[in-house]
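# Descriptive structure summary
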Amino acid sequence: MDFSLTDDQRDIAAAVREVCAKFPGEYWRDLETTGAYPVEFVATLTRLGWLSVLIPEEYGGGGLGITEAAVVLEEIHASGGNANACHAQMYTMGALLRHGSEEQKRRYLPALAAGDLRLQAFGVTEPDAGSDSTRIATRAERHGDHYVINGQKIFISRMEHSDLMLLLARTTPVEEAGSRTGGLSLFLVDLREAGGAIETRRIPMMFNHHTYQVFITGLRVPAANLIGSEGQGFREIIDGWNAERCLIASEAIGDGRFFLDRAAAYASQRQVFGRPIGANQGVAFPLAQAYAQVQAASLLRFKATTLFDAGQSCGAEANSAKLLASQASFQAANAAMLTFGGNGFAAEYDIERKFRETKLLEIAPVNNNLVLAFLAQHVLGLPRSY
Ligand SMILES: Cc1cc2nc3c(=O)[nH]c(=O)nc-3n(C[C@H](O)[C@H](O)[C@H](O)COP(=O)(O)OP(=O)(O)OC[C@H]3O[C@@H](n4cnc5c(N)ncnc54)[C@H](O)[C@@H]3O)c2cc1C
């Protein structure tokens, strides 16, 4: 298998790099001081079509694969930016493309591709369920041609910067569902029509992220907005997990590149004891080690995306890539912090900001323990651990 980028993919990387150069560290630092959302950055990426690469051409999108989406997200992160503000449209696209009806695709995809609609909210996590999404309690009950939804979600990102939310809710009580993954359904909720039925409270986070507690009371959702089949929602989101793992890995790999570029440049020019600090193996080796880890994760990530785009199974590769890439990016972050010394803590160098940002990738949207559990059970055939 050849995992080198094609000329077209290199062109995508170069084009995204050029856009991101207009949003330097200063832009992201300014947003942090006020906790503001990167409106201009997201609008620019949307206008240029970089957030709709996965939408098929017949609906106005780029018609490209996960490999190209991975390239886009990696470049955003390698530039020092953060795709957290807008990556959900890519993360969730699989559910709509694979399980949405033709009518739903025609209604939403062209508007998403044109930037007239934003699908940036994905409502799964609940306070009492955590990583065990099969235990969610948000309830959707059918009343004629509508569902009425009640419940509570936590850490639902970008709620105030999205028009639509893909929402996982329970349509059959757990004791009647027949299996732990049954009885859950996926809805496309139009947040613009929710009125007082959805209340959000922003959660202060360790980096500039827009994530919310969400309280849902008597939300009426047309039955036409059910994605796929009632009771199959959990399986429908699982279908998107390999793509999501590939994309998270790509963000981590971009972060790793950012840390190593910045740290190598700094270690070459910063003179202490009359020579560049990078001449000391204590400084150089952690960077070289992190470089090797990032490269290894990148190769595995491209193996996963290549398999995914060829329609082949890639659970082992996508999960391993997510695990290794998130660990490699944090290793690079740590090596960069040590290289920058006191300056690593100074906001103007962007190392401390990116250090805080990249830590998330070990934990969300899926924590690495659950990735290890998947590999242990589904790849190595070990007994189920949870
Ligand atoms: C910034 C941010 C943005 C987010 N955005 C969204 C979003 O938009 N939509 C959404 O639905 N969710 C979102 N989340 C939620 C995120 O997906 C969860 O935080 C994540 O899945 C972990 O769940 P938890 O926080 O409940 O941790 P828990 O499930 O409580 O786990 C806590 C710890 O216990 C460990 N653990 C739990 N069970 C096991 C086990 N069986 N074996 C080994 N270890 C275990 C975990 O590894 C973890 O270290 C976001 C979270 C954050 C922090």
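All of the points below concern the structure found in this document. (Residues numbered from 1 in each chain as written. Predicted model: local features only at pLDDT ≥ 70, side-chain atom pairs only at ≥ 80, totals over all residues. Heavy atoms only, no water.)

## Some points on the pairing of strand 4 (residues 164–170)
- In terms of burial, strand 4 is a largely internal element, seven of the seven residues being buried.
- Of the two faces of strand 4, the one holding L164, L166, L168 and R170 and the one holding M165, L167 and A169 are both buried throughout.
- Relative to strand 4, strand 1 (residues 119–123) runs parallel, the two sharing four bridges. When the bridges of strand 4 are listed, F122 appears paired with L166.
- Here seven bridges tie strand 4 to strand 5 (residues 184–190), and the two strands are oriented antiparallel to one another. The residue of strand 5 that forms the bridge with L168 is L186. (Buried < 20%, exposed > 50% of the residue type's maximum accessible area, 1.4 Å probe, protein only. Helix = DSSP H or I, 4+ residues; strand = E, 2+ residues; numbered from the N terminus. Pairing = 2+ DSSP bridges.)

## Regarding the side chain of T339
- Within the element layout of this structure, T339 appears in helix 10 (residues 315–340).
- If we ignore the near neighbours within four places in the chain, the residues touching T339 are A263, Y266, A267, I277, V283 and L287. (Contact = heavy atoms within 4.5 Å.)

## Description of the site of the ligand
- By nearness alone, 18 residues border the ligand, and F122, T125, S131, F155 and N367 come closest of all.
- At 3.1 Å, a backbone N or O of P365 approaches an oxygen atom of the ligand.
- One of the side-chain nitrogen or oxygen atoms of N367 is found 2.6 Å away from an oxygen atom of the ligand.
- Isolated, the ligand exposes 970 Å² of accessible area, and the fraction of that covered by the protein chains is 65%.
- Cavity membership is defined here by more than half of the atoms lying within 2 Å of grid points; on that basis the ligand lies in the largest pocket.
- Per-element accounting of the shell around the ligand gives the leading share, three residues, to strand 3 (residues 146–157).
- Here the shell around the ligand is composed, by residue class, of 10 nonpolar, seven polar and one charged. (Near = heavy atom within 4 Å. Polar contact = N/O pair within 3.5 Å; in protein donor to acceptor, adjacent residues only side chain to side chain. Areas by Shrake-Rupley, 256 points an atom, 1.4 Å probe, with all protein chains shown as cover. 1 Å grid on protein atoms, 1.4 Å probe; cavity = no way out; pocket = protein on both sides within 12 Å on 5 of 7 lines; lining within 4 Å. Sits in = over half its atoms within 2 Å of the grid points. Nonpolar A, V, L, I, M, F, W, Y, C, P; charged D, E, K, R; others polar.)

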